[in-house]
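Close look at the chain arrangement
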2 protein chains.
Amino acid sequence: MKLEIQSPFDMHLHLRDGEILRDVVNYTSSQFCGAVVMPNLNPPITSVKLALEYKTRILNSSKYDFSPFVSLYLTEELDKEELQKAKDNGLFMLKLYPKGATTGSENGVKEILSDKVLEILEVAENLGFILSIHGETNGFVLDREFEFLPIFESLAKTFPKLKIIFEHLSDRRSIELVERYDNLYATLTLHHMLLSLDDVLGGMLNPHYFCKPILKTPKDKETLLNIALNAHDKFSFGSDSAPHLISKKECNNGAAGIFSAPILLPKLAEVFEKHDSLENLEKFVSLNATKIYNLNRSNRKITLIKQELKVSKIYNDIVPLFAGDSMSWSLEQ
Amino acid sequence: MKLEIQSPFDMHLHLRDGEILRDVVNYTSSQFCGAVVMPNLNPPITSVKLALEYKTRILNSSKYDFSPFVSLYLTEELDKEELQKAKDNGLFMLKLYPKGATTGSENGVKEILSDKVLEILEVAENLGFILSIHGETNGFVLDREFEFLPIFESLAKTFPKLKIIFEHLSDRRSIELVERYDNLYATLTLHHMLLSLDDVLGGMLNPHYFCKPILKTPKDKETLLNIALNAHDKFSFGSDSAPHLISKKECNNGAAGIFSAPILLPKLAEVFEKHDSLENLEKFVSLNATKIYNLNRSNRKITLIKQELKVSKIYNDIVPLFAGDSMSWSLEQ
């Protein structure tokens, strides 16, 4: 049995840089035709020049036909000229991190609804950017996303023509807001629809499943899974795959992020098949993104075959999601 | 400034065995006159013979005058004769683990309200044992204690003369039940009254603060702290200090448990002083235990002095609670 998916996109991806970039990019580019690439590197991608150079390094590292949509890191130093230049050079994603919310958010925005940030967002709206947000406050870890909802709502109302993406939505209490505003959309990760906090610390502690936003309750994961299985129009797939070396995970002060890139489409196919929803998979991983982000679909088709995939326990010193498990679908080589 | 505490007790303690026992016992016996010692060793302390031998090893390792109240591990194999023998030999604590609830609970009870277990508890009630319970189900990690409440209630009703200890109470929703039944009591740990889940995974991942029951919300910790500061009659102090070597913590499949033994009384003094409650400290760490467990107070007094204590980052290859912090009280040497 074969399954062909035309032009799948991963709308939220961390590729890092240098050796790690070269190690991981092909796990994604072998499965996806394009991906929104996050800018929280060290140093962060805060200018058009840095973004374009980074894009070149990604393209040079990929063995497959692949479009990296590099996001520009939204800092308070961003101005109209730089945004215009970004637009002229084909960049269309802006990423907003609240300062301190996650890995590499040190350069993020301290006060989101400040005059300076609102000014930048007004320019972004007029130029047709898409705004991608890590929506969490600094409150209690399980309520951070919920507490952020009023900020999302305020931005949605203030900039009705600005498309705003609620990244890695993890809390079922957020869904209603996304549905209520025409200009709000969201991405869903594989791990937030299949795992809960129990998988991090319900048994022994699993640092490889520690991520931000933190995995939530079993009820949250079930609700998100259903959104995906139904390929809800306002949600596209964004893995938030984030490679961290074992030494940065199995330690004190472990880094947040789950490395899911090697197994994404095989696992999605398995899960959608199990729930009799295979017919919705292409909508979830391709068509929704095409519409929400105004993308051209590639003619490239990814073929999966019904053949056991044994997930390695480790890829390039990184422990992946579902390490050591078997899945029922594989990529056709 | 000095503070004298007569006969403090730690009513929930893990001392392990062999080299680790010898390494850690004096952190406790220098600060406490007695402690309830948990039996979840490998092999577990499931017989009177094992309990008495363990007690001897503890006494031989301690440099201070110290009474270890060794708990007997409640398994379905325990019978009337063994319980009578335990009683005759001065053992009075029974510890019940639901199978799989925490470290070393593999030998625990599968079905708590089964005929066999109820039979053992009836004998225990008649012989005047105190039953100590790790009260968690196998449900969602943050609701496990809450879900266990009906079992506590059922036991409290079925055995009205059996004193039952709700160990390391961590969820504020449990307090009302303890107050409602004359034969229900609880222990409180230092970490559950000072830390929340944010301290484990709100920032980077801290495996040394991973424990069972898992740390809860800021509201839970505040509520528990207030119970302690008021030295609520039904609660005694039980640290649940649990030493795990760094190699078992900073790894995949990390062990649950927080090692707090080296800093308990200094930190308690600091916290009680900060909240103008120093006059309640002796009640919380000594008198309440004396009453609840029918203990004789020792004449030994522990003296704390108002002098900075710099907590080491590591003790015998174990990272302690508040590693590297300073506290305002020290033990008098």
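What counts and how
- Numbering of residues starts from 1 in every chain and runs along the sequence as written.
- Labels are handed out in written order, letters beginning with A for the chains and numbers beginning with 1 for the ligands.
- Note on the predicted model: pLDDT of at least 70 is required for a residue's local features to be given, and 80 or more for side-chain atom pairs to be given and counted; whole-chain, interface and lining totals, by contrast, use all residues.
- Calculated side-chain values reflect all of the structure's heavy atoms, with hydrogen atoms and water omitted.
- UniProt positions are given in the numbering used here, feature names are shortened, and annotations may be inferred rather than shown by experiment.
- Strands here are runs of E lasting at least two residues and helices are runs of H or I lasting at least four, both read from the DSSP assignment and numbered beginning at the N terminus.
- Residues are treated as being in contact if the distance between any of their heavy atoms lies within 4.5 Å.
- Burial classes follow relative accessibility: with a 1.4 Å probe on protein chains only, a residue under 20% of its type's maximum area counts as buried, one over 50% as exposed, and anything between as partly exposed.
- Here, strands pair whenever DSSP counts at least two bridges between them.
- Note on handedness: a clockwise path from strand one over the helix to strand two, with the strands aimed away from the viewer, defines a right-handed crossover.
- Only residues with pLDDT of at least 70 in both copies contribute their C-alpha atoms to the least-squares superposition of the copies.
- Here a salt bridge means any side-chain nitrogen of Lys or Arg lying within 4 Å of a carboxyl oxygen belonging to Asp or Glu.
- To pair, rings of Phe, Tyr and Trp, with the six-membered ring standing in for Trp, must have centres within 6.5 Å; the planes then decide the type, stacked if under 30 degrees apart, edge-to-face if over 60, and tilted in the middle.
- Only Lys NZ and Arg CZ are tested; either one counts as a charge over a ring when it is within 6 Å of the ring centre and within 35 degrees of the ring normal.
- Orientation is described by axes fitted as lines to C-alpha atoms, over the contacting stretch for helices, and by angles from 0 to 180 degrees between their N-to-C directions.
- Regarding the arc, it is the one traced by the directions from the helix axis to the C-beta atoms.
- Any helix carries an expected span of 1.5 Å times its number of residues minus one.
- Nonpolar core, defined: a set of buried Ala, Val, Leu, Ile, Met, Phe, Trp, Tyr and Cys residues in which side-chain atoms within 4.5 Å join the residues together.
- Accessible area, probed at 1.4 Å, shrinks when two parts are joined; the buried area is that loss added up over both.
- Each polar contact in these results corresponds to two N or O atoms within 3.5 Å; when the atoms are within protein, one needs to be able to donate a hydrogen and the other to accept it, and residues that are neighboring in sequence are counted only if both atoms are side-chain atoms.
- Residue polarity follows a fixed list, in which Ala, Val, Leu, Ile, Met, Phe, Trp, Tyr, Cys and Pro are nonpolar, Asp, Glu, Lys and Arg are charged, and the others, Gly among them, are polar.

For chain A, the name recorded in an unreviewed UniProt entry is Dihydroorotase, with Helicobacter ibis as its organism. Under the Function (unreviewed entry) heading, UniProt states for chain A: "Catalyzes the reversible cyclization of carbamoyl aspartate to dihydroorotate." Per UniProt, chain A has the following entry under Sequence similarities (unreviewed entry): "Belongs to the metallo-dependent hydrolases superfamily. DHOase family. Class II DHOase subfamily."

Residue and element names in this part refer to chain A. The sites that carry the UniProt feature "modified residue: N6-carboxylysine" (unreviewed entry) are, in the present numbering, Lys95. Tracing the backbone shows Lys95 in strand 5 (residues 93-96). Beyond its immediate stretch of four places on either side in the chain, Lys95 contacts His12, Met38, Pro39, Ser71, Leu72, Tyr73, Leu74, Ser132, Ile133, His134 and Glu167.

All right, on to the pairing of strand 2 (residues 9-13) of chain A then. All names here are of chain A. In terms of residue burial, strand 2 counts as a mostly covered element, since five of its five residues are buried. Where strand 2 meets strand 3 (residues 34-37), three bridges bridge the pair, whose relative direction is parallel. In the strand pairing of strand 3, Leu13 is matched with Val37. With helix 1 (residues 18-29) bridging strand 2 and its parallel neighbour strand 3, the resulting β-α-β unit is right-handed.

Placing chain B over chain A gives an RMSD of 0.0 Å and needs a rotation angle of 180°, together with 0.0 Å of translation along the axis. In symmetry terms, the pair is related by a two-fold rotation axis. Residue B:Glu250, judged by its C-alpha, is the member of chain B lying nearest the rotation axis, at 2.5 Å.

We now examine the pattern of salt bridges. When the charged atoms of two side chains lie near each other, side chains of opposite charge can form a pair. Summed over all chains, the structure comprises 26 salt bridges over all chains. As a salt-bridge pair, A:Asp220 and A:Arg172 come within 3.3 Å of each other at their nearest N and O atoms. In this pair, A:Asp220 sits in helix 9 (residues 218-229) while A:Arg172 sits in the loop between strand 7 (163-166) and helix 6 (175-180), placing the two residues 48 residues apart along the sequence. On the basis of relative accessibility, which here comes to 5%, the residue A:Asp220 falls in the buried class. Among the ionic pairs, B:Glu332 bridges to B:Lys2, the shortest N-O distance being 2.4 Å. Remark: B:Lys2 occurs in strand 1 (residues 2-6) and B:Glu332 occurs in the segment after strand 13 (330-331); sequence separation between them is 330 residues.

The next subject is the packing of aromatic side chains. Scanning the entire structure with this criterion turns up 20 aromatic pairs over all chains. Taking 5.3 Å as the distance between ring centres and 85° as the angle between the ring planes, the aromatic pair formed by B:Tyr27 and B:Tyr315 counts as edge-to-face. Here B:Tyr27, found in helix 1 (residues 18-29), pairs with B:Tyr315, found in the loop between strand 11 (309-310) and strand 12 (326-327); they are 288 residues apart in sequence, far enough to count as distant. The buried category is assigned to B:Tyr315, whose relative accessible area is 12%. Taken together, the ring pairs in this structure connect A:Phe32, A:Phe237, A:Phe272 and A:Phe284 into an aromatic cluster. The cationic tip of A:Lys267 hangs over the ring face of A:Phe322; the distance from NZ or CZ to the ring centre is 4.5 Å.

As a further point, take the sheet that holds strand 10 (residues 301-305) of chain B. Residue and element names in this part refer to chain B. Within the open sheet, the three strands sit side by side as 1-10-13. Their pairing is antiparallel. Whereas interior strands pair on both sides, the edge strands pair on one side only; in this sheet they are strand 1 and strand 13. The sheet strands contacting helix 11 (residues 264-274) are strand 1, strand 10 and strand 13, and the helix crosses strand 10 at an angle near 60°.

The next point concerns helix 3 (residues 80-88) of chain B. Residue and element names in this part refer to chain B. Buried residues of helix 3: Glu82, Leu83 and Ala86, and no others. For helix 3, the arc enclosing every buried residue in end-on projection is 100°, short of the 170-degree limit, so these residues lie on one face. Opposite the buried face of helix 3, by more than 90 degrees, sit the exposed residues Lys80, Glu81 and Asp88.

Residues lying three or four places apart along an α-helix face the same way, a consequence of the helix completing one turn every 3.6 residues. Residue and element names in this part refer to chain B. Here helix 9 (residues 218-229) is 12 residues long and its end C-alpha atoms lie 16 Å apart, about the 16 Å a rise of 1.5 Å per residue gives. The set of residues buried in helix 9 consists of Asp220, Leu224, Leu225, Ile227, Ala228 and Leu229. Against the buried residues of helix 9 lie helix 6 (175-180), strand 8 (184-188), helix 7 (190-194), strand 9 (235-237), helix 11 and helix 12 (281-293).

With that settled, the discussion passes to the nonpolar core. Counting 205 residues, the largest nonpolar core has A:Leu197, A:Leu201, A:Phe284, B:Leu197, B:Leu201 and B:Phe284 as its most contacted members. Dropping the residues within four chain positions of it, B:Leu201 is found in contact with A:Val141, A:Leu197, A:Val200, A:Leu201, A:Phe210, A:Lys212 and A:Ile214.

With that out of the way, let us pick up the interface of chain B and chain A. Taken together, the 29 residues of chain B in the interface contact 29 residues of chain A. Of all residues in chain B, B:Phe140, B:Leu201 and B:Leu205 bury the most surface against chain A, accounting for 28% of the area lost on that side. Across the contact surface, chain B and chain A share two salt bridges. As a salt-bridge pair, A:Arg144 and B:Asp198 come within 3.8 Å of each other at their nearest N and O atoms. Linking chain B to chain A there are 12 residue pairs in polar contact (both at pLDDT 80 or more). Looking at the side of chain B that touches chain A, the element that brings in the most residues is helix 8 (residues 197-201) of chain B, giving four residues. The residue makeup of the side of chain B that touches chain A, split by class, is 14 nonpolar, 10 polar and five charged.

Residues and elements named next belong to chain A. The eight strands lie next to each other as 2-3-4-5-6-7-8-9, forming an open sheet whose pairing is parallel. Strands with a single pairing partner mark the edges of an open sheet, and in this sheet they are strand 2 and strand 9 (235-237). Going from strand to strand, the sheet's axes swing by 25° on average, the running direction of each strand aside.

On to the UniProt feature "binding site: Zn(2+) 2" (unreviewed entry) in chain A. Residues and elements named next belong to chain A. As recorded in UniProt, the sites labelled "binding site: Zn(2+) 2" (unreviewed entry) are Lys95, His134 and His168. Taken along the chain, the residues just named run across 74 residues; in space they keep tight, none of their C-alpha pairs more than 12.8 Å apart. Those residues in contact with His134, other than ones at most four positions away along the chain, are Lys95, Leu96, Tyr97, Pro98, Ala101, Thr102, Phe148, His168, Lys212 and Pro213. Within the structure, the side chain of His134 is placed 2.9 Å from the side chain of Glu136, a separation counted as a polar contact.

Glancing now at the side chain of A:Ser236. All names here are of chain A. On the secondary structure map, Ser236 appears in strand 9. Here Ser236 falls in the buried class, since its relative accessible area comes to 0%. Leave out the neighbours within four places in its chain, and Ser236 touches Met11, Ala186, Thr187, Leu188, Phe284, Asn288, Ala289, Ile292 and Tyr293.

All names here are of chain B. Of the two faces of strand 7 (residues 163-166), the one carrying Lys163 and Ile165 and the one carrying Ile164 and Phe166 are both buried. When strand 6 (residues 130-133) meets strand 7, the two strands line up parallel, connected through four bridges. For Ser132, the partnering residue across the bridge sits in strand 7 and is Ile165. Taking the sense of rotation as the criterion, the β-α-β connection linking strand 6, helix 5 (residues 144-158) and strand 7 turns out right-handed. Pairing analysis gives three bridges linking strand 7 to strand 8, with the strands arranged parallel. Bridged to Ile165 within strand 8 is Tyr185. Of the crossover connections in this fold, the one passing from strand 7 over helix 6 to the parallel strand 8 is right-handed.

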